Structures are given as structure tokens and as C-alpha cells.
Amino acid sequence: MSSTNIARPFSGSRLLLKLQRLHLLSGASSLIRGFRPSLGDSLFARGFTFRYLHKISSPNDYTKYYIPKPGEVLDFLNRHYQFPRKTNNVKVLKIKCPKCRPRKSNFFSIEINVNDGTYRCNECMTKGTWKDYMQLITKTSTFQVINSAQMGIGCPSYLSNPEEIEQYSNELQNHLKIVERFENDHGINLTTLLAYKIGIANYYNIKPKSSINFIDQETEISRQDAKELCITFPRMAPCFDDQGQDNALRNKVARIKACSVEDNEFVTFDPPSFHSGLFGYHLAPLECETIILTENEYDAMTVYQETQIPTICLPNNGYQLPIEILPLLERFSKIYIWLNDDVQGQDAAEKFAQKLGIDRCLIVNARCNNFDGPINASQALAMGKNLNEILSLAKPLQHEQILNFDNLKEAVYREIINPGQVRGVLSKDLPALTQILKGHRPGELTVFTGPTGSGKTTILSQLSLDYCKSGVSTLWGSFEISNVRLAKKMLTQFAGEDLSKNPIEFMNWAQRFQQLPMYFLKFFGSTEVSTVIDAMNHAIYAFDVQHIIIDNLQFMISEQGRFTDRWELQDRTISAFRKFATEKNVHITMVVHPKKDNRELLDMSSIFGSAKISQEADNVIILQKIESEDGDERYLHIKKNRFDGTLGAIPIEFIPDSLKIQQLREPRSREVDRSFAGRYSKDMAVMPKAGTYVNLSPEQFQHRKIIM
Ligand SMILES: Nc1ncnc2c1ncn2[C@@H]1O[C@H](COP(=O)(O)OP(=O)(O)OP(=O)(O)O)[C@@H](O)[C@H]1O
């Protein structure tokens, strides 16, 4: 490869000027710090320099447009023991200055505005925005959230040569059938495809288990990779190329999303780990102030084709706007957010508007109050709607505490026509769990308990992976076992096989795994609740986390509260997590150990601590273990379900190779099932489908019988 074409990492003052023009300076310091000329010719070094943008995850990554939510400033101050004093102005509080050396004269010298978080010290004259204050107070070490790639699982560099990647778009015109398909199925014409640099390339092993392993002459296991023709959707990022003739700041491919031509369900990213870049970013000229953000590539191309306004889409599969791309959007003063006009899409749109700064965002509703209107831009085009008109009706996000009937009406209607989305994300591995709980919903607290070593972590690992594969961004707080052990368990479950028996497949599965929105807290053992909450807050802002698993409560608060009652500390902790789940609209699953007693079956009263834990929980699941002549039998026993009250139990079996559980289709021991159901006849009396006991309506309950 000739070195003259290599895009070099950012350096020099010219670059700083250009970045200033682009409003990218907040990321620039980290870029300069990330400059590593000694990396030589490695793929990592040959790639594009914007990878350095996502090195730092700290409050500094907040956009300058960020405005704290109502109550956020006070909540943060209390959590960090700042105990503010009142002033004559209700909007202004006095707090200590972290920069001034504590003296009597400068006590409470900072005045902070509780609405926007701006502050000023009357002693040292330091002043700044809310993000500056958060950074002053919070130690960066608090934000210890990592992903699987940072744990060494997966592949850090490109799968293909970055120079080859740049050529993919030239291939499109050799595949006219694919171009025709875009035109006929989506109304997207060749000019638009070329503008977005849509390409064609071969990728390997996109479909799970598609490669073939065989033993060659030397009796070594080899693998034959399965080739897949893919449509490529490039994510573009600005890159400084000072080897070029005009020293220009260009847009280069930072990452590729490749979708199988045969079946667009099969998708891979190259490189697999996240790199900051956006589909269609290059279409926004330097002076451009407005941009549209859509859900996917098809919507982006449709909107651009119809409006000629630069349009980008979310960079990953699912509702995630990673913190690394915020600097790319910093230069726009107006951002239209055009996601699906349904419950999940509008929830995400509001969250993104908050993240990007509500004052510069407008939310597009494709339906435009028309109940049978289109759900997204692609449908709007297919229905012959005028996309410019839809865009012109976009509205800013309402202040959270001011709701008028119109807002409510639209939201209620969205819930009525999308009951499935209200019920939550379905479990693919355990349909019986969906049958009882109806789905995995944001804003809820699930308490999970069971005897020691009965498989709680194993089941939660599997379930969290199950939801994560459906796009639920997940954060694991494993306070008892190390993240590496947990990730190894999860990877085995993800592959569905014992990879130690088939190590040749490791890299293939690891690459897939690292593309999931799965994050881990680095804390281990006893950790202060406020520190954990800070990190959870950060993970929600940075990675749009929707599900948080705490394993387990006792380990997290062990060695704390020595002088206070342990039960009281536990109650306070559970209340804090309950409040957090509701306020941040995330699902928290908390593992709580049971009390030590001799009962064979656990009950609500078996949960360690006071009754507050089960009162605060929306769902209580007990992993029951019953000894029988054929070994032990386990059940997932749903003891509380605030959503619709359905309770039940699911007999499960364990598959040691994949470390997964599955619901038992044929009861192994009828006697055990009969005795279990007998004891819990209030919760369950009938077996409507093999493998599940679900409770009955009061009328049916009169005539209950056990069907086996
Ligand atoms: N249903 C099951 N049947 C048999 N073995 C299981 C089952 N589930 C998990 N195991 C195995 O039992 C061991 C302990 O599992 P796990 O760590 O998930 O239990 P736990 O309940 O979380 O433990 P602890 O109470 O220590 O937190 C693991 O080796 C796991 O592979």
C-alpha cells in the first residue's frame, strides 16, 4: 500500500482551525492526545482517524447544547453530598466551590442555577456550564462502563482493507438488479444511491453457523468461510488528509454496515466495534446548519431524495445514539429527529432530543395526527405524501412538566394502536415468560431471587442477551463474579455451544458479540450506591441503556453501613433504584439473595430484608429448586406481576453445553410438577400449554383443575 494515500491522524494547527470551524473542538483535544504515529502500518493505524474521538467517556462528552432535565441539578448535588443553601432567588442555590481552598470566607461561594446548571464562584471567579460543573465534581473513574471489545472479546480493527472499503461504491453499477430493487421496492433512485455511496461487497459468515469446519490432511481442524454478497451502507466521518494536494478536510468511510442481499435480516459491521461515523454525513456541506436524523438508511435516503436536506440515520441497529458521534452533530443548530411514529420511536426521539439539546431539535411525526397516516418516511413516500409538508409540521419537544391535551392524545393513541410495544420486548428463548409477564418493559423493577448456586446469574445472563439481541441496550453490574467470567458465560450462550470444544469458531462469535449493545460496569464487590447510580446515569446518556442488571444487591452493599441497620441500608438502596427505574424509564433487574431458612420452596417472605423489597418491585421472580428422585427440578416462579397480575411457574431444564435453560416441554417428573402446582394452587392451577402454569381468571378459578 502506498503511504501517500494514507489518511493521517489529526495533527497541527491547521487542523485545529478547521475543527473550530466545524465546532468539533470538544473532541479535538482527545484526537490530538490519541495521535499515535508509532503505530506504523498496522490496520489500526491505516484506518481513519476519527476512531480517536470515542476514547473518552466522561461528562465532558455532553454536548454544549445539553440542558439538564427538571430536578436533575438538585438530584446530582444531593447525590454528591453538596447540600446546597437557599438564596432569595428560588432558581439560585449556594454551594461550596471545589476549586477554592476551604476557608471560612469562601464557604458556599458558588451560585448555581437549578434550572440550567450554570454556575459562578464569587471567590475564584470560576464559571461554567452544567457539564463543566459535573466534570469538576465527578471523578472520571466513576464512569467505569466498558464493552466486550474493551475486555478483549472481539476484533478491534477492520475486517477488510480500508482502501478496498472505499472502492465498494464503484461496484454498485455492476449490479443493476439490486439498483432496480431499490427503485421498485423503496422508490429510491440511482442518483440517491450514488450520493450515499451505497456499495456491493462480499462478507463472510454473516449467517450464524454458516461456515463449515473440516479436518484437513494434517488432521487439523480448518474452516471454510461462507461468502455472502452484501449491500454496503457506509458511515462517513471527516478526516484530515494532509498528503492530498489541497490539504482538505475530507469525508472518509469510518465503518461499513453490510446487509446480505438475499436476506437483509443478516447484518454485520466492519469494523465490528463502534467507530464514529454517520450514514450520509458527507452530504452536509461545511456551512450547513440543518440536518435530519432518521431511523434507518432507507428512511434517510427517502427523506434526502424528497427534501434535498442532508439526512443521516442512527449508526447502529436499534435506538442508540452513541456519545462518540455527538461531536459530529455539534455544528448543527437545527436537528430534525424523524423516527418511527409509534411508541418506541417517539420515546427514542424524545430521549435523543434531550441528549442533543432540546432547543435545537424538532420532532417529526409522520402520521401528522392522521390516524391511518404513514409510520415513517419510506411509508410516506409509498403513500404519495409530501415529505416537505410533513417536515414543516415538526414540533419541538415540550417541556416535561407542561403537557397539553394534544400531546397526550397523540401519545395515548400511539399506545392504543401499538399494544404490543406497550407490553414490552418479547423473550425469544422463554416464550412462557412472555406469556406470563407479557414482555420486558422500561420503567420497571424486577427482583430475582433463588437459592445459592441455583443458576440465577446463568438465567439472567441468557435473558439479558435475549433482549439485547432484540435491540435492548444493556448494562451489567456484576458485583459477585468478574466481568470476564460473565462475558465468557454469555458468549457460550450466544454461540449456543461450548466454544472450548470448537475454538476455531471463537473469533467469529466474538465479532458478532461485540456488535451487541452490551456494556459492563467495572465495579466489583462493595461499591457505594451513589457511585453506581452515577455510572448508570452516564451509561444511559452515553449508550442509551434500557436494561440494567445488578447482581447482586448484597454484594454491592456489603461492608457498608456497618453502623446502621443492614436492612435499612438495603431498603434505602432498593428505593433509590426504584426511583431511578421510574425516572429514567429503564428496566432494572436486581438479584437479591434469599434468607437462610430450611424451606424447600421459597416465598415472597424468603427474600432477604424487609417487605419493602417486594413492595417496591413490579415483578418478583423466584428460581425454585426442588429435590426429586431423578435429581433436582427447577422452576421460574413469577410471584408478582404488576402489569396485569398473571402469575405462574415455568418448569425449566439446563443444557450444560450451551449453559442455557429452556422451558421443559414434557414434564420430566409429573409427581414433582403435581406437588409444586398443588402447593401453589393459588398462583397456578392449569397448564394451558405444555411447560407453563398460568393462573386463571376468578371465574375460571372456581373450576380449577390440574391438567397434566
Ligand atoms: N438450571 C441449572 N441446572 C444445573 N446447573 C446449573 C443450572 N443453572 C446454572 N447451573 C450451573 O450452576 C453453577 C452456578 O450457577 P450461577 O452462578 O448462575 O448460580 P447463582 O444462583 O447465580 O449463584 P450465586 O448464588 O452464587 O450467585 C454454574 O456452574 C452453572 O453452570
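Definitions and limits used
- Residues numbered from 1 in each chain as written.
- Predicted model: local features only at pLDDT ≥ 70, side-chain atom pairs only at ≥ 80, totals over all residues.
- Helix = DSSP H or I, 4+ residues; strand = E, 2+ residues; numbered from the N terminus.
- Buried ≥ 20, exposed ≤ 12 C-beta atoms within 10 Å, placed from the backbone.
- Contact = placed C-beta atoms within 7 Å.
- Pairing = 2+ DSSP bridges.
- Near = placed C-beta within 6 Å.
- Nonpolar A, V, L, I, M, F, W, Y, C, P; charged D, E, K, R; others polar.
- Axes fitted to C-alpha atoms, helices over the stretch in contact; angles between N-to-C directions.
- Parallel < 35°, antiparallel > 145°, perpendicular 65-115°, else oblique.
- Left-handed = near helix turned anticlockwise from the far one by under 90°.

A. The overall build of the protein chain, seen in detail. Counting its regular elements, the protein chain contains 25 helices and 27 strands. In the protein chain, buried positions account for 43% of the 708 residues. In the protein chain, 66% of the contacts between residues at least 6 apart in sequence involve partners at least 24 apart.

B. Examining the environment of Lys257 more closely. Relative to the helices and strands, Lys257 is located in strand β11 (residues 249–260). Since 21 C-beta atoms lie within 10 Å of it, Lys257 is described here as buried. For the pair formed by Lys257 and Lys579, sequence separation is 322 residues and the distance between their alpha carbons is 38 Å. Those residues in contact with Lys257 that lie beyond four places of it in its chain are Phe233, Arg235, Val267 and Phe269.

C. Just helix α9 (residues 297–307), in detail. In terms of residue burial, α9 counts as a mostly covered element, since ten of its eleven residues are buried. When α9 is considered as a whole, its buried residues turn out to be Glu297, Tyr298, Asp299, Ala300, Met301, Thr302, Val303, Tyr304, Gln305 and Glu306. With its phi angle positive at about 65°, Gln308 sits one or two positions after the end of α9.

D. Region of interest: the sheet that holds strand β1 (residues 85–86). Strand order in this open sheet of five strands is β1-β2-β3-β4-β5, and the pairing throughout is antiparallel. Both outer strands of the open sheet, β1 and β5 (127–128), are each paired with one neighbouring strand and no more. Sheet topology places strand β3 (residues 110–113) next to strand β4 (residues 119–121); three bridges connect them, and they run antiparallel. From the neighbouring strand, Ile112 faces β4, where its bridge partner is Tyr119.

E. Focus on the site of the ligand. What surrounds the ligand is a group of 13 residues, the closest being Gly455, Lys456, Thr457, Thr458 and Phe654. If one sorts the elements of the shell around the ligand by residue count, helix α17 (residues 456–469) sits on top with three residues. Grouping the constituent residues of the shell around the ligand by class yields three nonpolar, seven polar and three charged.

F. Here's a closer look at the environment of Asp565. Along the chain, the position of Asp565 falls in the loop between α21 (553–557) and α22 (566–584). Put simply, Asp565 and Tyr304 are 261 residues apart on the chain and 61 Å apart in space, counted from C-alpha to C-alpha.

G. Molecular detail of the packing of helix α20 (residues 529–543) against α22. Between α20 and α22, the shortest axis-to-axis distance is 11 Å and the interhelical angle comes to 15°. In this view, α20 runs roughly parallel relative to α22, as classed from their interaxial angle. For the crossing formed where α20 meets α22, the hand is right-handed. Contacts from Val529, Ile533, Met536 and Ile540 in α20 reach Thr573, Ala576, Phe580 and Lys584 in α22.

H. Main features of unusual backbone geometry. Omega for the bond connecting Asp270 with Pro271 falls within 30 degrees of zero, at -5°, which places this linkage in the cis form. Tracing the chain through its elements places Pro271 in the loop between β12 (267–270) and β13 (290–294). Phi is positive for Phe83, which is not a glycine, with a value near 35°. By the secondary structure assignment, Phe83 is in the loop between α4 (72–79) and β1.

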